[in-house]
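One-letter residues, chain by chain:
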Amino acid sequence: MDLKKELAPSGTLRVGLNYGNFLLVLKDEADGTPRGIAPDLGRELGRRLGVPVEFVRFQQAGQLADGVRDGKCDVGFLGAEPQRAGEIAFTTAYLEIPVTYLVPPGSKIGSLAEVDREGVRVAVSARSAYDLYLSRTLKHAKLERAPGIDASYELFLREKLDVLAGLKPRLVSDAEKLPGSRVLDGQVTGVQQAVGVPKNRDAAARFTREFVDDIKRSGLVAKTIEKHGVKGVTVAS
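Rules behind the numbers
- Within every chain, residues take consecutive numbers counted from 1 along the sequence as written.
- Local features in this predicted model are restricted to residues of pLDDT 70 or higher, and side-chain atom pairs are both shown and tallied only at a pLDDT of 80 or more, whereas totals for entire chains, interfaces and linings draw on every residue.
- Side-chain figures throughout are based on the complete set of non-hydrogen atoms in the structure, without hydrogens or water.
- Throughout this description, the term nonpolar core refers to a set of buried Ala, Val, Leu, Ile, Met, Phe, Trp, Tyr and Cys residues connected via side-chain atoms within 4.5 Å.
- Exposed residues in this analysis have more than 50% of their type's maximum accessible area, buried residues have under 20%, and partly exposed residues fall in between, with area computed by a 1.4 Å probe over protein chains only.
- Helix and strand labels come from DSSP, where a helix needs a run of H or I of at least four residues and a strand needs a run of E of at least two; each type is numbered from the N terminus.
- To define axes, lines are fitted to C-alpha atoms, for helices over the stretch in contact only, and angles between the resulting N-to-C directions are given on a 0 to 180 degree scale.
- Note on terminology: angles under 35 degrees are roughly parallel, angles over 145 are roughly antiparallel, angles of 65 to 115 are roughly perpendicular, and the others are oblique.
- For any pair of crossing helices, the crossing counts as left-handed if the nearer helix is rotated counterclockwise from the farther one by less than a right angle, and right-handed if it is rotated clockwise.
- Contacts: residue pairs with any heavy atoms within 4.5 Å of one another.
- Here the nonpolar group is Ala, Val, Leu, Ile, Met, Phe, Trp, Tyr, Cys and Pro; Asp, Glu, Lys and Arg are the charged ones; every other residue, Gly included, is treated as polar.
- Residues adjacent in sequence count toward polar contacts only when both atoms are side-chain atoms; beyond that, a polar contact is any pair of N or O atoms within 3.5 Å, and within protein one must be able to donate a hydrogen and the other to accept it.

**Q** Can you walk me through the nonpolar core in this structure?
**A** For soluble globular proteins, the rule of thumb is that nonpolar side chains tend to be buried together. Ranked by internal contacts, the top residues of the largest apolar core, which has 55 residues, are Leu-13, Tyr-94, Tyr-101 and Val-122. Top contributing element to this core by residue count: helix 8 (residues 202-217), with six residues. One finds Leu-102, Phe-156, Leu-164 and Leu-178 within the second-largest nonpolar core, a separate group that totals twelve residues.

What follows is the structure, given as C-alpha cells:
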C-alpha cells in the first residue's frame with residue numbers, strides 16, 4: 001500500500017494533540033494555530049510525508065489514545081505505555097518527562113518509598129501515562145482519579161489527599177502555590193513521549209519510527225525544546 005494512503009488516508013495528516021499536557025502543547029496562537037513541541041514535530045512529519053497537516057485537539061491523554069485507536073486522528077503524540085501498546089503502534093520515545101509526588105504542608109511522608117503504604121491516598125490525572133504506570137506498580141496506596149491535571153490538583157486540595165502524583169515540572173509550580181508543600185526527591189518513572197499510529201498500519205508505523213529516530217539523532221527534538229523554552233524535559237536516549 002502507498003505510504004501516504006496508509007498514514008494519511010484522507011490526503012491530510014490528522015495529528016492528535018493532548019492539550020492536557022502543557023509541556024508539549026502550549027497555548028494556541030491568537031489565530032488559533034497550535035503551538036509547542038508536539039505541533040512543531042507534527043508539522044515536520046507532514047512536511048516529510050508531503051501532505052498538509054490538520055490538528056485534532058484532545059483534552060486528556062486517554063482521549064487521545066482512544067482517538068488514535070478509533071481512527072479519529074492518523075497519528076498521535078502521547079506517552080507510550082504497555083496498556084496502550086495493544087491498540088497503538090508506538091515509536092521509541094523522543095522525549096522524557098519525570099514523574100514524582102507532591103505532599104501537602106505538614107506531611108510525614110519524606111520519600112518516594114513511603115508513599116506506597118496502606119491508607120495513603122494519591123490524586124492522579126485519570127488515564128494519564130503515569131496513572132497507567134502507578135496502577136501497575138502501587139500495591140498498597142489508593143489512587144484517586146480526576147479528569148485531567150488541573151482537576152487532580154483540585155481533588156488533592158479539596159479531599160485533603162496525602163499525595164499528588166504528576167509531571168515534575170508541573171508539581172514544582174504547584175508547590176509554589178501551596179506554601180509548605182514539598183516535591184519529593186527523585187522520580188517515580190519517566191513518561192516516554194512517543195508517536196503512535198493505529199496498530200494495523202505497518203508502513204505508517206515504520207515511517208514514524210524512522211522519523212523519530214532521525215529527529216532525535218539530528219538534534220531537532222533538542223532544538224524544539226529550546227525554541228519553546230520548556231523546562232524539566234529531556235530528549236529520550
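**Q** I tried to follow unusual backbone geometry on my own but got confused; where do I start?
**A** Peptide bonds are trans in most cases, and residues, glycine excluded, mostly fall at negative phi. Within the chain, Arg-127 stands out as a residue other than glycine whose phi angle is a positive 65°. On the basis of relative accessibility, which here comes to 40%, the residue Arg-127 falls in the partly exposed class. In this structure, Lys-160 takes a positive phi of about 50° despite not being glycine. The topology assignment puts Lys-160 in the loop between helix 6 (149-158) and strand 8 (163-167).

**Q** So what exactly am I meant to see when it comes to the packing of helix 6 against helix 7 (residues 168-177) here?
**A** Each pair of packed helices can be described by the angle between their axes along with the distance between the axes. Across the interface, helix 6 lies against helix 7 with an axial gap of 12 Å and an inter-helix angle of 40°. Relative to helix 7, helix 6 is oriented oblique. Judged by the twist between their axes, the crossing of helix 6 over helix 7 is right-handed. Side by side, helix 6 and helix 7 meet where Ile-149, Asp-150 and Tyr-153 of the first sit next to Arg-170, Asp-174 and Lys-177 of the second. Classifying every residue of the contact of helix 6 with helix 7 gives two nonpolar, no polar and four charged.

**Q** What is the right way to look at the environment of Lys-227 in this model?
**A** Following the sequence through the fold, Lys-227 ends up in helix 9 (residues 220-228). Remark: the alpha-carbon pair of Lys-227 and Gly-36, spanning 191 residues in sequence, is separated by 8.8 Å. Polar side-chain contacts of Lys-227 include one of 2.7 Å to the side chain of Asp-40.

**Q** Would you explain the environment of Gln-59 in this entry?
**A** Among the secondary structure elements, Gln-59 is positioned in the loop between strand 2 (53-58) and helix 3 (61-69). We classify Gln-59 as exposed; its relative accessible area is 51%. Among residues more than four places away in sequence, those in contact with Gln-59 are Asn-18, Tyr-19 and Gly-20.

Structural measurements only, silent on function.
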